Amino acid sequence: MAKTKTDPTWQELEIGGIVTNPGNAAEYKTGDWRSLRPLWDTKRCVRCGACYIFCPDASIYETEEGYFEADLYHCKGCGICAHECPTQSIKMVEEEE
Amino acid sequence: MGKRIGLEVSLSAAEAVKMADVDCIAAYPITPQTHIVEHLSELVNDGELDAEFIPVESEHSAMSVCTGVAAVGARAFTCTSSQGLALMNEIVHIAASMRLPMVMILANRSMSGPISIWNDHTDVMSIRDCGWIQVFANNGQEVFDHVLFGYRVGESQKVMLPVMIHIDGFILTHVIEPVEFWETQQVERYLPAFKPIHALHPDRPVTMGAFGMPSMFSEVKVAQDEALIQSKSEIMAAWNELGDLVGRYYRPIETYRSEDAETLFITQGSFGETVSLVVDALRDEGKRVGLLMDRLWRPFPLDEFRQAVGNARNLIVIDRAISYGGQGGPLAMDLRSALYKERNQPNITNFICGLASRDVTIDDFKNMFNRSMEKIEGNPREEDFEYYGVRGK
Amino acid sequence: MLEIRLHGRGGQGAVTSAELLALAAISEGKYGQAFPSFGPERRGAPVIAFCRIDDRQIKIRSYVNKPDIVLVLDPSILRIANVAEGLKEDGILVTNTKHKADEIRRELNLNYKLAVVNANRIAREELGLPITNTTMLGALLKANAIVKPDSLIGPIRDRFGRIAERNIKAFRRALAETELAF
């Protein structure tokens, strides 16, 4: 359950704890979980889309030029994209850098 | 007035389910509930009831199906007994917490072991805290009326909770007696179509049965408990309307010759009617005895109970279940706790009897009365309860 | 209130007899209550069923321990069970037997009003097998007109369908052939 600014009292809850705003998992900022972020080297990238396919959180999107970038609101920094990239064009870098 | 028909109570219960025009029945056969489900399967097969009959492979699935059916906004029915209820247990709690109305008849039977197919209330008490509205029916007519009552109350948007009807296995389920059926127009007036607050539908997606983090869980559960406590006003309204419609008025605590009583028997289930005859007999002997029959079990009718006890000096609580290692039968423990705040607490003696349908006669109840009086003259608080009629005790 | 205890063997229809009688009483506007002694009884095992009939609502739910009438569907049970246990002093024992009432009275030392009928023979002749539930109801009504004989016809028809007429015939024969020794 996403933590809202003020958590509801029991009277304010929807009946049966039902969640009535569908797809609200997208509001959850899983980007907070990340300590490493993926960085693409567009010189090596062959735009195959393997990273896009393998991303378990669907947080990689295609840019207008056909390259790929991470949606950092949701990317957890798991590194699967870097592991799967056939041309080793994704590097996981420290968040602090 | 509806037709008066002689019928086995199980069959008249099934006929009431038919009159409630349920959409789905999911059940697994278990003695002594079997005749209810068998008759419903016949009604569906013969085209008398337009409903899905799902012969599930276990009670766990029966309750899962009913939960799903209620979640899409349809009317579900199931029934079970003892070990079947135990297998169903997981989902019984979920149906209440998801606030999904349905009706379940529990044909009360002992929890094994040793294996017992007979009647007592140990299965009822195993599920006491599941969050359902729970009522006891004391005869075939009350079973019939309460099936319709169950849907009416449970489906009220002010309530939205499942309803369990307790009926004594064999002692009620397998007895033939007259029942007055309702007219179709009476059912139509009493029981409107089910209009859920939320229902699963692709056009209006919602999530039911979501995760509840510790930061939210307590609020969700308090909301559920408040809903059960507050359901009482709807319960009362539904009973009153039922009375206006068919002439039988039900109350959370049914009383019999209790107004000026010094001593009150307190019962649950079909013992009540037998004990009413004991009360008559003791009154004939000049003893000021009365009877309270607990009809509403959850939400517990605290105010009504205190009021019904009034100035009575002695309570004889009859429990048909054991609370192993506890301080008496489950009913007695609740009643003691209900009277804790009273300035003039009555003496409470508690008998546990009638386990696995062991016959309890009018003479037995008279013995309990006499034993109770003996105990009160001595020290009534010396022991919390007594097993009645157990060899070696 | 009239209280009846029925003794039979699993499969002979003692429970059905109790039910049919209660249904007949209910159809007359009276109150009737019928139930088996609950258990996983097998075919052939001795079974007990109960029936109560009254003009007022029947509230008692315990077994019938002090019956007004005992109805025995199978003669062999007379010798293996104390069928008269708890029978009221002025009660009636109605039994299926090929013997005369006096013979049974002497043999079993029964100091009750007796009603006897050779129900096995009637059932064999009318139904082709010794299922005596409807036959013994005829004997019961001869001993005590608890309900009108015609009130049983509806419940028997509902219960037995295409073999109903044969059951009705067996019932009526027992009504005529039962010997009373009151």
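The structure presented is a predicted model; accordingly, all values stated were derived computationally and were not measured.

Caption draft 1: Structural detail: the domain arrangement of chain B. Residues and elements named next belong to chain B. Domain boundaries in chain B define domain 1 (4-246) and domain 2 (253-387). For domain 1 versus domain 2, the distance between C-alpha centres works out to 28 Å. Between domain 1 and domain 2, the contact holds 28 residues from the first and 21 residues from the second. Of all the secondary structure elements, the ones that give two or more residues to the side of domain 1 that touches domain 2 are helix 5 (122-126), strand 6 (133-136), strand 7 (163-168) and helix 8 (214-246). Here the element with the most residues in the side of domain 1 that touches domain 2 is helix 8; it accounts for five residues.

Caption draft 2: Inspection of the sheet that holds strand 14 (residues 347-352) of chain B at higher detail. Residues and elements named next belong to chain B. Sheet architecture is open: six strands sit in the order 9-11-10-13-14-15, paired in mixed fashion. Taken across any chain shown, the strands that pair with only one partner, and hence form the sheet edges, are strand 9 (253-256) and strand 15 (386-387). Note that strand 10 (residues 263-268) and strand 13 (residues 314-319) share four bridges and pair parallel. Along strand 13, the bridge assignment pairs threonine 263 with asparagine 314. Helix 9 (residues 271-284) contacts strand 9, strand 10, strand 11 (289-294) and strand 13 of the sheet and is inclined by roughly 170° relative to strand 11. Strands strand 10, strand 11, strand 13 and strand 14 of the sheet are contacted by helix 11 (residues 330-338), whose axis makes an angle of about 145° with strand 13.

Caption draft 3: Molecular detail of the interface of chain B and chain A. On the chain A side, the residues contacting the 21 residues of chain B number 13 residues. Sort the elements by how many residues they give to the side of chain B that touches chain A and helix 8 of chain B lands first, with seven residues. Split by residue class, the side of chain B that touches chain A holds 13 nonpolar, five polar and three charged.

Caption draft 4: Region of interest: helix 6 (residues 164-177) of chain C. Residue and element names in this part refer to chain C. Here helix 6 is 14 residues long and its end C-alpha atoms lie 20 Å apart, about the 20 Å a rise of 1.5 Å per residue gives. Restricting attention to buried positions, one finds in helix 6 the residues Asn167, Ala170, Phe171, Arg173 and Ala174. Relative to the axis of helix 6, the buried residues are bounded by an arc of 165° and lie together on one face. Tucked inside the fold, the buried residues of helix 6 contact strand 6 (113-117), helix 3 (119-127), helix 4 (133-143) and helix 5 (149-160).

Cut-offs used in this document
Think of each chain on its own: its residues are numbered from 1, step by step along the sequence as written. Each chain takes a letter, starting from A, and each ligand takes a number, starting from 1, following the order in which they are written. It should be noted that, the model being predicted, local features are given only for residues of pLDDT at least 70 and side-chain atom pairs only at 80 or more, the latter also being counted only at that level, while totals for whole chains, interfaces and linings use all residues. Domain boundaries shown here were taken from an automatic or database domain assignment. Here, residues touch in the contact sense if the C-beta positions derived from the backbone fall within 7 Å of one another. Numbered from the N terminus, helices here are DSSP runs of H or I no shorter than four residues, and strands are runs of E no shorter than two. Being paired, for any two strands, means DSSP has found at least two bridges between them. Fitted lines through C-alpha atoms serve as axes, helices being fitted only where they are in contact, and the angles separating the N-to-C directions of these axes extend from 0 to 180 degrees. Under the scheme applied, nonpolar residues are Ala, Val, Leu, Ile, Met, Phe, Trp, Tyr, Cys and Pro; charged residues are Asp, Glu, Lys and Arg; polar residues are all the others, including Gly. An expected span of 1.5 Å times one less than the residue number is assigned to each helix. Burial is judged by counting the other C-beta atoms within 10 Å of a residue's own C-beta: 20 or more makes it buried, 12 or fewer makes it exposed, and any count in between marks it as partly exposed, with every C-beta position built from the backbone. It is the directions from the helix axis to the C-beta atoms whose arc is reported.

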